[in-house]
Amino acid sequence: MAKLETKAVPQHIAVVMDGNGRWATKRFLPRVAGHKQGVTSLSRCVQACIDRGVAVLTVFAFSSENWNRPQEEVSGLMELLVLSLAGEVPRMKANGVRLHFIGDLKRLSTKMQTGLANAEASTADNTRLILNVCFNYGGRWDIAQAAQKVASSGQPITEMALDRAMALAHVPDPDLLIRTGGELRISNFLLWQTAYTEFHFSDKLWPDFDAAALDEAIAVFCNRERRFGKTSEQITSKVA
Ligand code: IPE
Ligand code: IPE
Ligand code: MG
């Protein structure tokens, strides 16, 4: 296992949890079985993030484009969200995890919306890890809803005003974005917030992504030089 420098551990990690379907298909199982295993993998990842001192974890659970999947898979994913809430929320409460659901939740049934709101409320006092679950989320939707909010408030549409209106305004931008499943694309995830995020692509399928794989991603991140437009000399000599 690569040695981790505690001071450099990313404070905010975002994850595109991809590869559940392939994980299931390889085992001759229905795709939904892969999603179920994906929930177990998420639970393990949450614990690993807590253990490593990560403050915020943001995961892509269902994209605005995932509605276009076969109806059976979409309803399986909706059911799984409800079941996972019942199964995981008590543990999250006990582990100090504060849950937020991010996305266009109005498209979900009223019952589901109530379930999500209750899960958020029952973890609202927790401070160990913020877990943002992006559901019916799209990066373009996020930018559009932020622009709408700012425009209707009558303020000028500045970067700062938009930033404050984005769905993840309650957390700093991600330091590290991990995508599992081997694809090298963003798939309409956090388009605005990843302007200076470091990217790490893993060939592991999401259900196989374990604590060692997370440590590898963090170790790679720790060896990157984040320049934010400056020169390397400015960064290393700490000259402004
Ligand atoms: C990601 O896994 C989970 C969701 C999109 C809901 P996939 O279901 O996309 O898995 P693959 O990419 O088909 O293997
Ligand atoms: C991205 O994965 C969405 C989630 C992980 C929830 P997809 O599997 O939907 O992405 P594409 O279709 O391969 O780009
Ligand atoms: Mg996929």
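A brief structural summary. (Residues numbered from 1 in each chain as written. Chains lettered and ligands numbered in written order. Predicted model: local features only at pLDDT ≥ 70, side-chain atom pairs only at ≥ 80, totals over all residues. Heavy atoms only, no water.)

1. A few points about empty space enclosed by the protein
Space left empty within the atom packing is revealed by a probe, the size of a water molecule, rolled over the atoms. For the coordinates displayed, the defined rule picks out 1 cavity of 30 Å³ or more. In this structure, the largest cavity occupies an estimated 40 Å³ of space. In terms of lining, the largest cavity is formed by Ser41, Arg44, Cys45, Ala48, Phe209, Asp210, Ala211 and Leu214. Taken together, the elements giving at least two residues each to the lining of the largest cavity come down to α2 (31–52) and α7 (211–222). Among the elements that line the lining of the largest cavity, the one with the most residues is α2, at 4 residues. Among the residues forming the lining of the largest cavity, the class breakdown is 5 nonpolar, 1 polar and 2 charged. (1 Å grid on protein atoms, 1.4 Å probe; cavity = no way out; pocket = protein on both sides within 12 Å on 5 of 7 lines; lining within 4 Å. Points joined across faces, edges and corners; volume = space filled by probe spheres on them. Helix = DSSP H or I, 4+ residues; strand = E, 2+ residues; numbered from the N terminus. Nonpolar A, V, L, I, M, F, W, Y, C, P; charged D, E, K, R; others polar.)

2. Observations regarding the site of ligand 1
Around ligand 1, 13 residues are found, and the nearest of them are Asp18, Gly21, Arg22, Arg31 and Arg69. Between ligand 1 and Gly21 there is a distance of 2.9 Å, counted from an oxygen atom to a backbone nitrogen or oxygen. Measuring from an oxygen atom of ligand 1, one finds a side-chain N or O atom of Arg31 at 2.9 Å. Considered on its own, ligand 1 offers 380 Å² of accessible surface; in the complex 87% of this is hidden by protein. The cavity that encloses ligand 1 is the largest pocket. When residues of the shell around ligand 1 are traced back to their parent elements, those giving at least two are α1 (20–26), α2 and α3 (71–95). The biggest single contributor to the shell around ligand 1 is α1, with 3 residues. Residues of the shell around ligand 1, tallied by class, amount to 3 nonpolar, 5 polar and 5 charged. (Near = heavy atom within 4 Å. Polar contact = N/O pair within 3.5 Å; in protein donor to acceptor, adjacent residues only side chain to side chain. Areas by Shrake-Rupley, 256 points an atom, 1.4 Å probe, with all protein chains shown as cover. Sits in = over half its atoms within 2 Å of the grid points.)

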